[in-house]
Amino acid sequence: MDALYKQLKYELENNNIKKLESVFIGGGTPSCVDTKYYKPIFDLLKDYIDDSIEITTEANPNSATFEWLQNMYAYGVNRVSFGVQSFDNEKLEFLARNHNKNHAIDAVMNAQKIGFERINCDIIYDTFVDTKALINNDLEVIKTLPIDHISVYSLTLEEGTKFYNKSEVKVEDEDMARHIFEKLTDFGFKQYEISNFAKDKNSQCKHNIGYWKYENYLGIGSGAVGCFDNKRTYTNKDVQKYIVNPIEYESIENLSDDDILIEKTLLGLRSTIGCDLNLYNNTQLEKIKILEENKKILIKDFRFYSYDFMLADEVSLFIVDDI
Ligand SMILES: C[S@@+](CC[C@H](N)C(=O)[O-])C[C@H]1O[C@@H](n2cnc3c(N)ncnc32)[C@H](O)[C@@H]1O
């Protein structure tokens, strides 16, 4: 946390930051860290934030105690995102999570009691133990909770993680995904990105929208990634090396115009942000026209948008595959 403070101070000064638009404390699991260690960081941020900005913290139900949530709220955190994954105890055991259904519900209710009006739950689907009944039970619990945002992630098996190369862990089920999306929409959540649903525009996560709009962001902490003026910075993933020198990057990536166009297309079509027609060359514009004629995209006010987020990656790659 001292090293993180040093890097934050350096990045704010080095990039001549005047004001921040959003802060997102994520990871990893922020609720594993005692709140006293966040105080210097919030003291430093005071000069860069005002009451209107969105400050989110991620938290796991087992470690986000009432006191931890209360202290973070007192620091000015006004949005909490719980790593719930499911409200089914067998599924939570299958995913090797250290919380159960009641921990998750208690965490959400505690956050509401403390005063959080903006509460998100993360849910994972496409697991081997998923059944329509299990998913429907999870959705019924979600319907009863005072949350204004829900993120639903298809389980990905990352190299170097416990589940990698294990069979009988992940089952891709597009019908189940569409069923989840429909049900959440029935509950009054509006999908604004392939994995993200919000009760209304004010409940959308401004921080994530900043990423998807390709705005500058600072990445602070070991293993964090920042992107400023099309230069992506990767800090040291090795925590000990990071502590020794937190302002030394592990690597820097200068994004080419092609990199940026590919990323903007993917991010724009995976969300309601869409893509600016002016960015594309004639060959790409011809493909965009074909996609519009085939009702794969909608063109409006010199921007184009997905009809179906589930097709966003394929549609994007079709447009930019000449790069
Ligand atoms: C950035 S992670 C934060 C880590 C979180 N504290 C945890 O313990 O998983 C935010 C969310 O990503 C999702 N997530 C984590 N691992 C995932 C995976 N392998 N596949 C899909 N989603 C995942 C979970 O829903 C998690 O709550």
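First, a word on scope: everything that follows refers to the structure included in this document. The shown structure was predicted, so the numbers you read here are calculated from the model rather than taken from an experiment.

This part is about the sheet that holds strand β11 (residues 275-276). Read across the open sheet, the three strands follow the order β11-β13-β12; overall the sheet is antiparallel. Since the sheet does not close on itself, it has two edges, and those belong to β11 and β12 (297-300), each with one partner. Examined bridge by bridge, β12 and strand β13 (residues 303-306) share four bridges and lie antiparallel to one another. Looking at the pairing, K300 lines up with R303 of β13. Packing against the sheet, helix α11 (residues 282-293) makes contact with β12 and β13, and its axis sits at approximately 110° to β12.

This next bit is on the packing of aromatic side chains. Scanning the model with the defined rule gives nine aromatic pairs in all. Aromatic pair Y211 and Y217: ring centres 4.6 Å apart, planes at 80°, arrangement edge-to-face. Looking at Y211, the relative accessible area reads 30%, which means it is partly exposed. These aromatic residues form a ring-pair network of at least three members: Y125, F181 and F197. Over the ring of F189 we find K199, and its NZ or CZ is 4.5 Å from the ring centre. Its guanidinium or amino end placed over the ring of F318, K287 lies 5.7 Å from that ring's centre, counting from NZ or CZ.

Inspection of every chain in the model, using the stated rule, returns 16 salt bridges. In this structure, R232 engages E263 in a salt bridge whose closest nitrogen and oxygen atoms are separated by 2.9 Å. Of this pair, R232 sits in strand β9 (residues 231-235) while E263 sits in helix α10 (residues 257-269), and the two are 31 residues apart along the sequence. You can call R232 buried: its relative accessible area is 11%.

A separate point is the site of the ligand. Taken together, 14 residues sit near the ligand, with N60, Q85, R97, D122 and T156 positioned nearest. In the environment of the ligand, an oxygen atom lies 3.0 Å from a nitrogen or oxygen atom belonging to the side chain of N60. Within the backbone of T156, one N or O atom sits 2.8 Å away from a nitrogen atom of the ligand. Coverage of the ligand by the protein chains reaches 74% of its 550 Å² of free accessible surface. Secondary structure elements with two or more residues in the shell around the ligand: β3 (79-85), β4 (118-125) and β5 (149-154). For the shell around the ligand, the residue count by class is three nonpolar, eight polar and three charged.

Before going further, it helps to spend a moment on the environment of F318. Mapped onto the secondary structure, F318 falls in helix α12 (residues 312-320). On the accessibility criterion, F318 (33% relative accessible area) is partly exposed. Along the chain, F318 and I288 lie 30 residues apart, while their C-alpha atoms are 9.0 Å from each other. Beyond its immediate chain neighbours, meaning those up to four positions away, F318 contacts K287 and L291.

Glancing now at empty space enclosed by the protein. Scanning all chains against the criterion turns up one cavity of 30 Å³ or more. Volume-wise, the largest cavity comes out at about 40 Å³. As for the largest cavity, its lining consists of I123, I135, D138, L139, I142, V152 and I180. The residue inventory of the lining of the largest cavity, partitioned by class, reads six nonpolar, no polar and one charged.

The rules we used
- Residues numbered from 1 in each chain as written.
- Predicted model: local features only at pLDDT ≥ 70, side-chain atom pairs only at ≥ 80, totals over all residues.
- Heavy atoms only, no water.
- Pairing = 2+ DSSP bridges.
- Helix = DSSP H or I, 4+ residues; strand = E, 2+ residues; numbered from the N terminus.
- Contact = heavy atoms within 4.5 Å.
- Axes fitted to C-alpha atoms, helices over the stretch in contact; angles between N-to-C directions.
- Phe/Tyr/Trp six-rings, centres within 6.5 Å; stacked < 30°, edge-to-face > 60°.
- Buried < 20%, exposed > 50% of the residue type's maximum accessible area, 1.4 Å probe, protein only.
- Lys NZ or Arg CZ within 6 Å of the ring centre and 35° of its normal.
- Salt bridge = Lys/Arg side-chain N within 4 Å of Asp/Glu carboxyl O.
- Near = heavy atom within 4 Å.
- Polar contact = N/O pair within 3.5 Å; in protein donor to acceptor, adjacent residues only side chain to side chain.
- Areas by Shrake-Rupley, 256 points an atom, 1.4 Å probe, with all protein chains shown as cover.
- Nonpolar A, V, L, I, M, F, W, Y, C, P; charged D, E, K, R; others polar.
- 1 Å grid on protein atoms, 1.4 Å probe; cavity = no way out; pocket = protein on both sides within 12 Å on 5 of 7 lines; lining within 4 Å.
- Points joined across faces, edges and corners; volume = space filled by probe spheres on them.

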